[in-house]
Amino acid sequence: MTPRFNMRSLILNTGATLLLPLLILFSLFLLLRGHDEPGGGFIGGLVAAAAIALKLFAEDYRAARTILRVHPLQLVGVGLVLAAGASLPAILVGENFFTAQWWTLDLPIFGSLKLSTPLIFDIGVYLGVIGTVLTVVFTLAEAEHS
Amino acid sequence: MTSLLAILIGCLYAAAIYMMLRRSVVKLVIGLILLSNAANLLIFTAAGLERGVPPLIEEGQQVIAGTAADPLAQALILTAIVIGFGVLAFAVVLIHRACEVVQTDDMNEMKGTD
Amino acid sequence: MDLTLLVALPVILPLLFGAVSLVMLNNHNVQRWLGAIGTASILIAACALLWQCREQGILVLEVGSWPAPFGIVLVADLLAAIMVLLAAITGFATALYSLKTVRKRFERFGYYPLLHLLLAGVNGAFLTGDIFNLYVWFEVLLVASFALLIQGGERAQMEGAIKYVTLNLLSSALFLTAIGLLYGLVGSLNMADIAQRLTQVEDQGMVTVVAMLFLIAFSIKAAAFPLFFWLPASYHTPQVAVSAIFAGLLTKVGVYALYRVFTLIFNAEVEFTHNILLWMAVLTMLTGVLGAAAQFEVRRILSFHIISQIGYMMLGLALYTPLALIGGVFYIMHHIIVKANLFLVAGLIYRLRGSFELKRLGGLYKDHPGLAVLFLIPALSLAGVPPLSGFFAKFILIKAGVEVHAWWAVGIALLVGLLTLYSMIKIWNEAFWKAVPEPAPAIPAPGRNGLLYWITGSLAAMTIAIGIFAEPIYQLAQQAAAQLLNPQLYINAVLGADSL
């Protein structure tokens, strides 16, 4: 499968390889700080999707699909399960559907860690956004190839 | 400021409708993009403009002192932007496919189902 | 278990089932099972919801424990519960029908997850008590319907989809505009709260402007005159199971939104708004049925009839008397089941004869008398022949029209019923009665259609049951209409009795 135009550029290629892990890390950072500060699942997801799209531009469709390992729609599925599932813990403790639940974990070195259903929801959004954006990008890239 | 924005919104709506009435499907998509932006700007304006007063509650206070920008309207716009983004991404893919299948971007050629 | 959880189930169940079947994208068998089990569980939840609604009155769920009017509420009054049940029935029938008819290729592109997502959007739109949330659910169901509509990628589908997508996005943008202006007027999004605050707005002219924007937005979605063109251009292009669920449910979400908004929120200037509704209703009936008369393809005829039927439902809202609203609700109940059924029968015709064109069909009565009966029941019901469900639906509406002396509306409603009968007889004569046309078209190899017969047969049985048990159904519609006519009930349920 050779592209019609040779768009490969050494600079972009190397840059993408270096940037990809950084961007993914940055997207996770955005995701986790999102509860109290600017950031969140949506923006984090966009950054992560952009990282993989960059891989697609630098190399090709196949390379991008390989890093993702799964079909992007499956990511959407996992994201939706998490986001919808985040509504359920409240029911188990007898509160209104979708009420936020908070758990505090005491860890030996880091001090206390606060976990919550909004965090689960946000991770769901994160995965959902990556999946949706990449589905669109891959669909267009696939059409270009064939 | 409000009336300026109102005029701008009116222009955006007009431009959107004009683009949607053209024969090219690409212009149709541009029209749709303009339309969703116009609607978002309208919510922003209709909820009332407040300059430089973010809706933040001061340390130790229970309510916002004085007036502040309406955060709900901004939340609405954010949601609408996200939804618009998703739907327009779909529209772009659809039109790309449609142009491939029909081999033209002229709406007049797409009358097979009427 | 908390009762109010029932209100969330019809939304959260399809979302969860859809999500899980998306994860299982490559495992077709799991997807098919999830499709059947998921829709069945929604059906059970919907039955329970309607039952509880009748027992307990309007059920309200404050999502995330945020109190109304600040948080989002899910509200199930009788109309919403009835609509959810109808959606569940249609969804279940379609999912079972899909097991036999949907091609492997489409399953790989996420047919079942989309079906679940569509149902989640539809149920969400029925149950939400928040006007912006209504917009969000509309978009959810639209995106799902876009994707379902173009599965297959044929030219006709693309051409139809462009019109469908454009007009629906235009309507969404108008809807959003109206929400923005309304929020600017009253500063609230909770529908009960809006209804209360609107009475205190000084600029009632502006309220009417916003009402008209909502009217245009929802009537595009409901495919009412004059902006119905997207429907006959697109509904006959996807696979039959998709057509059936679209025909049964999607336009009715628009009708439901009209019912909700124009009984709860914009009920001050009835003379003006509902008069426009009346004109639209009558013209919708007329154009739909005349359009159908000019068509010679089964699905296109049925598509145009959706439009004319929407007119009847709007007529119920437009007349705005207790009896008329009962008629409208009754009509929606009858129509969703009959319409989905007719499309599913059309799918069976296609499986047996390989065509939807009346010219190439024929001899079905001789070869498949069972199918002929299955077609006749919903077809005659659609036309309003007693004692089937359509007769009572039309009868109540026409009686309501006579009561308020809307003679010309009554006359046209009767005429449209007659023309509907003409269309149905046309299909009957061409597809079932006349001999197989020469040269005989290639008949596809007979598959096993037992399940499909059972599904269409069950829906037909429901049509007959609505006709036979018209009395209890009438009472249900009466209770739903009573709630619609007394919006204070809804407001009190959401905001608490001591509001104001």
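Residues numbered from 1 in each chain as written. Chains lettered and ligands numbered in written order. Predicted model: local features only at pLDDT ≥ 70, side-chain atom pairs only at ≥ 80, totals over all residues. Heavy atoms only, no water.

An unreviewed UniProt entry lists chain C under the name NADH/ubiquinone/plastoquinone, from Arsukibacterium ikkense. In its Sequence similarities (unreviewed entry) section, the UniProt entry covering chain C states "Belongs to the CPA3 antiporters (TC 2.A.63) subunit D family." (UniProt positions renumbered as here; feature names shortened; annotations may be inferred.)

The name an unreviewed UniProt entry assigns to chain B is Monovalent cation/H+ antiporter subunit C, from the organism Arsukibacterium ikkense. Annotation of chain B in UniProt includes, under Subcellular location (unreviewed entry), the sentence "Cell membrane". Listed under Sequence similarities (unreviewed entry) in UniProt, the entry text for chain B is "Belongs to the CPA3 antiporters (TC 2.A.63) subunit C family."

Q: Tell me about the overall build of chain B, and please be specific about residues and values.
A: Scanning chain B from N- to C-terminus turns up three helices and zero strands. For chain B, the α and β elements follow one another from N to C terminus as α-α-α. By the compact-globule yardstick of 13 Å for 114 residues, chain B is too spread out, its C-alpha radius of gyration being 20 Å. Within chain B, buried positions represent 36% of all 114 residues. (Helix = DSSP H or I, 4+ residues; strand = E, 2+ residues; numbered from the N terminus. Rg over C-alpha atoms; globule rule 2.2 N^0.38 Å. Buried < 20%, exposed > 50% of the residue type's maximum accessible area, 1.4 Å probe, protein only.)

Q: Residue-level account of the packing of aromatic side chains, with values.
A: Residue and element names in this part refer to chain C. Under the counting rule described, the total for this entry stands at 33 aromatic pairs over all chains. Seen from their ring centres, phenylalanine 138 and phenylalanine 175 are 5.7 Å apart, and the 85° between their planes marks the pair as edge-to-face. With phenylalanine 138 in helix H6 (residues 131-149) and phenylalanine 175 in helix H7 (residues 155-186), the pair connects residues that are 37 residues apart, well separated along the chain. A residue is classified by how much of its surface remains accessible, and phenylalanine 138, at 2% relative accessible area, is buried. For the ring pair phenylalanine 146 and tyrosine 164, a centre distance of 5.8 Å and an interplane angle of 85° mean the geometry is edge-to-face. With a gap of 18 residues between them, phenylalanine 146 in helix H6 and tyrosine 164 in helix H7 connect regions that are remote in the sequence. The two residues phenylalanine 146 and tyrosine 164 agree in class, both being buried. Taken together through their ring pairs, the aromatic side chains of Phe132, Tyr135, Phe138, Phe175, Phe214, Phe218, Phe262 and Phe266 make up a single cluster. Above the face of the phenylalanine 356 ring, arginine 299 is positioned so that its terminal group lies 3.8 Å from the ring centre. The ring centre of tyrosine 312 lies 4.8 Å from the NZ or CZ of lysine 394, which sits over that ring. (Phe/Tyr/Trp six-rings, centres within 6.5 Å; stacked < 30°, edge-to-face > 60°. Lys NZ or Arg CZ within 6 Å of the ring centre and 35° of its normal.)

Q: Which residues make up the nonpolar core, and what values do they have?
A: Most often, soluble globular proteins have nonpolar side chains that are buried together. Counting residues in each nonpolar core, the largest one holds 247 residues, and the members touching the most others are Ile131, Tyr164, Phe175, Phe214, Phe246 and Phe266 of chain C. The element that contributes the greatest number of residues to this core is helix H14 (residues 322-353) of chain C, accounting for 20 residues. Sequence-distant contacts of phenylalanine 266 of chain C, defined by excluding residues within four places in its chain, comprise Leu182, Leu198, Val207, Val210, Ala211, Phe214, Val261 and His274 of chain C. Residues Ala48, Ile52, Leu127 and Val129 of chain A belong to the second largest nonpolar core, which totals 17 residues. (Core = buried A, V, L, I, M, F, W, Y, C linked by side-chain atoms within 4.5 Å. Contact = heavy atoms within 4.5 Å.)

Q: Tell me what's going on with helix H2 (residues 28-56) of chain C, and back it up with residues and numbers.
A: The α-helix winds at 3.6 residues per turn, so residues separated by three or four positions along the chain end up facing the same way. Compared with an ideal rise of 1.5 Å per residue, which puts 29 residues at 42 Å, H2 of chain C spans 41 Å between its outermost C-alpha atoms and is within 8% of the ideal. Looking one or two residues past H2 of chain C, glycine 57 of chain C carries a phi angle of roughly 85°, positive in sign. (Expected span 1.5 Å × (residues − 1).)

Q: Break down the interface of chain A and chain C for me, citing the residues and quoting the values.
A: Residue-level contacts link 18 residues of chain A with 18 residues of chain C. For the pair chain A and chain C, the summed buried surface comes to about 1500 Å²; carbon and sulfur atoms form 76% of the total. For chain A, the biggest contributors to the area lost against chain C are Gln74, Asn96 and Phe97 of chain A; these three give 38% of the whole. The interface formed by chain A and chain C includes zero salt bridges. Run the count over chain A and chain C and you get four residue pairs in polar contact (both at pLDDT 80 or more). Contributions of two or more residues to the side of chain A that touches chain C are made by helix H4 (72-85) and helix H5 (88-92) of chain A. If one sorts the elements of the side of chain A that touches chain C by residue count, H4 of chain A sits on top with nine residues. Classifying every residue of the side of chain A that touches chain C gives ten nonpolar, seven polar and one charged. (Buried area = accessible area lost by both parts, 1.4 Å probe. Salt bridge = Lys/Arg side-chain N within 4 Å of Asp/Glu carboxyl O. Polar contact = N/O pair within 3.5 Å; in protein donor to acceptor, adjacent residues only side chain to side chain. Nonpolar A, V, L, I, M, F, W, Y, C, P; charged D, E, K, R; others polar.)

Q: Can you tell me about the packing of helix H13 (residues 298-319) of chain C against helix H18 (residues 407-433) of chain C, naming the residues and giving the values?
A: Residues and elements named next belong to chain C. Across the interface, H13 lies against H18 with an axial gap of 11 Å and an inter-helix angle of 160°. Viewed along their axes, H13 and H18 adopt a mutual orientation that is roughly antiparallel. Our pair here, H13 against H18, has a crossing hand that is left-handed. Contacts between H13 and H18 involve Val298, Ile301, Leu302, His305, Ser308, Gln309, Tyr312 and Leu315 on the former and, on the latter, Ala409, Ala413, Val416, Gly417, Thr420, Ser423, Met424, Lys426 and Ile427. Looking at side-chain class alone, the contact of H13 with H18 contains ten nonpolar, six polar and one charged residues. (Axes fitted to C-alpha atoms, helices over the stretch in contact; angles between N-to-C directions. Parallel < 35°, antiparallel > 145°, perpendicular 65-115°, else oblique. Left-handed = near helix turned anticlockwise from the far one by under 90°.)

Q: How would you explain the pattern of salt bridges if you had to name every residue and give the values?
A: A side chain of one charge can pair with a side chain of the opposite charge if their charged atoms are brought near each other. A complete count under the given rule lists nine salt bridges over all chains for this structure. Here glutamate 37 of chain A ties to arginine 33 of chain A by a salt bridge, and the two come within 3.3 Å at their closest N and O atoms. What makes glutamate 37 of chain A partly exposed here is its relative accessible area of 44%. The residue glutamate 159 of chain C makes a salt bridge to arginine 155 of chain C at a minimum N-O spacing of 2.7 Å. On the criterion of helical spacing, the pair formed by glutamate 159 of chain C and arginine 155 of chain C is a turn pair, its members being four residues apart in helix H7. Assessed through its relative accessible area of 2%, glutamate 159 of chain C is described here as buried.

Q: Give me the environment of leucine 249 of chain C: which residues, what numbers.
A: Residue and element names in this part refer to chain C. Examined against the element boundaries, leucine 249 turns out to sit in helix H11 (residues 240-265). As for leucine 249 and glycine 91, which are separated by 158 residues in sequence, their C-alpha atoms are 9.0 Å apart. Filtering out sequence-adjacent residues up to four positions away, leucine 249 remains in contact with Ala87, Thr90, Leu119, Val122 and Ile336.

Q: Pulling in residues and values, what's your account of the side chain of threonine 177 of chain C?
A: Positionally, threonine 177 of chain C belongs in helix H7. With relative accessibility at 6%, the residue threonine 177 of chain C sits in the buried group. Among all residues touching threonine 177 of chain C, those that are not within four sequence positions of it are Tyr13, Ala39 and Leu42 of chain B together with Leu213 of chain C.

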